[in-house]
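Summary of the model geometry
Spelled out from the first residue to the last, the chains are:
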Amino acid sequence: MTKSINIPIIKVPHTAHIEALNPHYTSEQKAVVKDKIKRLLKEQDAVLVAHYYVERDLQELAEETGGYVSDSLDMAKFGNEHPAKTLIVAGVRFMGETAKILNPEKRVLMPTLEAECSLDLECPADQFIPFCDENPDRTVVVYSNTSAEVKARADYVVTSSIAVDLVTWLHQQGKKILWAPDKHLGNYIQRLTGADMLRWQAACVVHDEFKSRALGHLIEKYPDAGILVHPESPEEIIKLADAVGSTSQLIKAAQTLPQQRFIVATDNGIFYKMQQAAPGKVFIAAPTMGEGATCTSCAHCPWMAMNGLHNLLKVLESGGNEIFVEESIRVQALRSTQRMLDFAKMRRG
């Protein structure tokens, strides 16, 4: 079930332009910067948590300094369990907010506060909350790629790894769902669960660009390749997949599936962890070029690309870019997030 929703028109930066603006270090310069960052992390009792989609240097640095590389929720959970007083979140803004929601007593900093998410921007709270109020009979389930204010209005927050299971559970109880924001993930969940879902119509700027015709040509070129697809991708891309799943699930698929070559339909920042999990295997980015293509992202999020060693060092030196969440909103957002965590625990049990 869908309904006409006025999705805001957002300005999306081009990844290539962002990457051109970032400083390019020699190996010697990079070593000096990394040494400074390591020293400041230690001095400030800080730990670096990085998303799978940020640049390889940041993922490596997180691992080298006792930090963590994962998806947004696991990043926040790691921060909650780690004794460090300061969390440095390399990712996009909602990830910093999620870390603050789960860790109110800690200082949460980000290399840049300009790093947004198209799903978050296309689901503003001032439009989403009235939409929920117009549909009071529905259980509100929102993806983690949303603002703290949207999470505060939700009944449940989900990640892509648990969304199908949670909606199935609600559907079995006869619940009708209001889903936001990703239309492709919402459609995927609805197809698998058969739930009655009123769906917001936003899309991820990276996954929405994958082109099925161009992917078909790539499959013809590499017929032995496995196809790994994130469910934020369009349905015609998902139909071609050997495995569909969250970032962590796709990394696991790369490790366990027998193919030695994979075409991957998600942000190519994930290749770093895929290559760790499956050394010797070959990973190819699914095409964003082809009929109707603009290649704004070219398989790498422009906002993720804003994170780098240069602004990580700057934020450690300045103490700027701190994340704050109003306490009343944080408490409400924690409620919907905790419900997901409780469901995950119940499912494991």
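Now for a look at the structure at hand.

Cut-offs applied
- Residues numbered from 1 in each chain as written.
- Predicted model: local features only at pLDDT ≥ 70, side-chain atom pairs only at ≥ 80, totals over all residues.
- Heavy atoms only, no water.
- Pairing = 2+ DSSP bridges.
- Helix = DSSP H or I, 4+ residues; strand = E, 2+ residues; numbered from the N terminus.
- Axes fitted to C-alpha atoms, helices over the stretch in contact; angles between N-to-C directions.
- 1 Å grid on protein atoms, 1.4 Å probe; cavity = no way out; pocket = protein on both sides within 12 Å on 5 of 7 lines; lining within 4 Å.
- Points joined across faces, edges and corners; volume = space filled by probe spheres on them.
- Nonpolar A, V, L, I, M, F, W, Y, C, P; charged D, E, K, R; others polar.
- Phe/Tyr/Trp six-rings, centres within 6.5 Å; stacked < 30°, edge-to-face > 60°.
- Buried < 20%, exposed > 50% of the residue type's maximum accessible area, 1.4 Å probe, protein only.
- Core = buried A, V, L, I, M, F, W, Y, C linked by side-chain atoms within 4.5 Å.
- Contact = heavy atoms within 4.5 Å.

A separate point is the sheet that holds strand S8 (residues 197-199). On the basis of which strands lie adjacent, the open sheet formed by four strands has the order S6-S5-S7-S8 and parallel pairing. A strand with exactly one partner marks an edge of an open sheet, and here the two such strands are strand S6 (156-158) and S8. Each strand axis lies, on average, 25 degrees off the axis of its neighbour in the sheet, ignoring direction. Alignment of strand S5 (residues 139-143) against strand S7 (residues 177-180), held across four bridges, turns out to be parallel. By the bridge assignment, Val142 is partnered in S7 with Ala180.

By the definition in use, this model includes two cavities of 30 Å³ or more. Along its surface, the largest cavity is lined by 29 residues, and His51, Tyr53, Met95, Asn145 and Glu232 are the ones closest to its centre. Of all the secondary-structure elements, those providing two or more residues to the lining of the largest cavity are helix H5 (93-102) and helix H6 (118-121). Considered class by class, the residues forming the lining of the largest cavity number 13 nonpolar, twelve polar and four charged. If you add up the space inside the second largest cavity, you get close to 30 Å³. Forming the walls of the second largest cavity are Leu73, Thr98, Ser144, Lys151, Val157, Thr159, Thr337 and Met340. Grouping the amino acids of the lining of the second largest cavity by side-chain chemistry returns three nonpolar, four polar and one charged.

All right, on to the packing of aromatic side chains then. A full pass over the atoms with the stated rule returns eight aromatic pairs. Ring geometry for Tyr156 and Trp169: centres 6.3 Å apart, planes at 90 degrees, overall edge-to-face. Placement of the pair is Tyr156 in strand S6 and Trp169 in helix H9 (residues 163-172), with a sequence separation of 13 residues. You can call Tyr156 buried: its relative accessible area is 13%. Look at Trp169 and you get partly exposed, because its relative accessible area is 27%.

This brings us to the layout of surface pockets. The space that makes up the largest pocket amounts to roughly 480 Å³. Lining the largest pocket are 21 residues, and of these Leu73, Asp74, Lys77, Leu341 and Arg348 lie nearest its centre. Mapped onto the lining of the largest pocket, the elements with two or more residues apiece are helix H4 (72-81), helix H13 (247-256) and helix H16 (327-348). For the lining of the largest pocket, the class distribution of residues is six nonpolar, seven polar and eight charged. Its volume calculated, the second largest pocket comes out at about 410 Å³. Looking at the second largest pocket, it is lined by 22 residues, and the ones nearest its centre are Glu19, Asn22, Glu55, Arg56 and Asp57. Where the lining of the second largest pocket is concerned, the elements lending two or more residues are helix H3 (56-64), helix H14 (271-277) and helix H15 (309-318). The element that contributes the greatest number of residues to the lining of the second largest pocket is H3, accounting for three residues. Taken together, the residues of the lining of the second largest pocket break down into eight nonpolar, nine polar and five charged.

On to the nonpolar core, then. Counting 120 residues, the largest nonpolar core has Ile37, Phe128, Trp179, Leu228, Met274 and Leu312 as its most contacted members. At six residues, H16 tops the list of elements feeding residues into this core. Excluding residues within four positions of it along the chain, Phe128 makes contact with Cys123, Val140, Val142, Val150, Arg153, Leu178, Ala180 and Trp200.

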